[in-house]
Amino acid sequence: MSRYTGPKARINRRLGALIFENSGAARAFDRRESVPGMHQMRRKPSVYGLSLKEKQKIKYYYGLGERPLRKLYDLAQRKDGNTGENLLVFCERRLDNIIRRAGFTLSRPQARQGVCHGHFTVNGHKCDIPSYQVRAGDVIAVKQKAPLAQLYRGVIESRGEPAADFLSVDPTTMSISVHRLPTPDDVSLPVEVGMVIELLSR
């Protein structure tokens, strides 16, 4: 699941949301929002089926496998507050997601690849772990290499996409400052997380 390489437009159409953001999948989703396949199922989906669909949204959106998702669920369950909201906040705090929300990449898989290749530092130290949980006050920066800075600066300039409210971007130093931890209001994924928690708690 974390390295899904199949047709992304089919996933967007099957889950009914823009999960994969690359241009081809987005255009295909805009053209046909119906479920893929020649023979459409007219039977009403079960509660389990709906819950599974919501869980798949989270897994595909953040690039999580079953075990990493279960690990985040355990952390969310142990933390005070609403378990579903805690789960989404933990997903939002992933390093690859922070880089995507700052506008340095066009998609989360691209951000994950950049992290795995060692393109970024956290507080001045190399970090190649996409699942790293960012904290308030952290500073993520592109490694001091001219080709890398040029690559990510080109993405920022071409998209012109504003960073999430809890982040600030310095285009001069190519760095991201985390002012505060994300809240449930900062989550951009439309998902019924309560159904996911009910499924994971079984």
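Residues numbered from 1 in each chain as written. Predicted model: local features only at pLDDT ≥ 70, side-chain atom pairs only at ≥ 80, totals over all residues. Heavy atoms only, no water.

Q: How should helix 3 (residues 47–62) be read in this particular structure?
A: One turn of an α-helix holds 3.6 residues; hence residues three or four places apart share an orientation. With 16 residues, helix 3 extends 23 Å from end C-alpha to end C-alpha; this agrees with the ideal 22 Å at 1.5 Å per step. Listed as buried for helix 3 are Ser51, Glu54, Lys55, Gln56, Lys57, Ile58, Lys59, Tyr60, Tyr61 and Tyr62. Buried residues along helix 3 sit in contact with helix 1 (8–15), helix 4 (66–78), helix 5 (83–92), helix 6 (95–101), helix 7 (108–116) and helix 9 (193–200). After helix 3 finishes, the residue Gly63 shows a positive phi value of roughly 70°. (Helix = DSSP H or I, 4+ residues; strand = E, 2+ residues; numbered from the N terminus. Expected span 1.5 Å × (residues − 1). Buried < 20%, exposed > 50% of the residue type's maximum accessible area, 1.4 Å probe, protein only. Contact = heavy atoms within 4.5 Å.)

Q: What exactly am I supposed to notice about the packing of aromatic side chains here?
A: The geometry of two aromatic rings is summed up by the distance between their centres and the angle between their planes. Here the structure, examined in full by the defined rule, presents four aromatic pairs. Pairing Tyr61 with Tyr62 gives two aromatic rings, centres 5.0 Å apart and planes at 85°, and the pair type is edge-to-face. The residues Tyr61 and Tyr62 share a single accessibility class, namely buried. Within the aromatic cluster, the residues linked to one another by ring pairs are Phe104, Phe120 and Tyr152. (Phe/Tyr/Trp six-rings, centres within 6.5 Å; stacked < 30°, edge-to-face > 60°.)

Q: Any chance you could explain helix 9 here in plain terms?
A: For helix 9, the complete set of buried residues consists of Val193, Val196, Ile197, Leu199 and Leu200. Projected down its long axis, helix 9 shows its buried positions confined to an angular sector of 160°, all on one face. Lining the buried residues of helix 9 we find helix 3, helix 4 and helix 5. (Arc of directions from axis to C-beta.)

Q: Can you walk me through the nonpolar core in this structure?
A: Generally speaking, a soluble globular protein has its nonpolar side chains buried in company with each other. Judged by nonpolar contacts, the single largest core of 27 residues is most densely connected at Ile19, Ile58, Tyr62, Leu64, Leu87, Cys91 and Leu189. Elements that contribute at least two residues to this core include exactly helix 1, helix 3, helix 4, helix 5 and helix 9. The residues touching Ile19, leaving out its near neighbours within four places in the chain, are Asn12, Lys57, Tyr60, Tyr61 and Leu189. Formed by 22 residues, the second largest nonpolar core is a distinct cluster that contains Val134, Ile140, Leu148 and Ala149. (Core = buried A, V, L, I, M, F, W, Y, C linked by side-chain atoms within 4.5 Å.)

Q: Even after reading the chapter, I still don't get the sheet that holds strand 3 (residues 139–142), so can you show me in this structure?
A: The strands making up a sheet associate through backbone hydrogen bonding, with each pair oriented either parallel or antiparallel. Strand order in the open sheet formed by five strands is 2-1-3-5-4, with antiparallel pairing between adjacent strands. The sheet is open, and its two borders are formed by strand 2 (125–126) and strand 4 (167–170), each paired with just one other strand. Bridging between strand 1 (residues 120–122) and strand 2 involves two bridges; their strand directions are antiparallel. Residue pairing in the sheet places Thr121 in a bridge with Lys126 of strand 2. (Pairing = 2+ DSSP bridges.)

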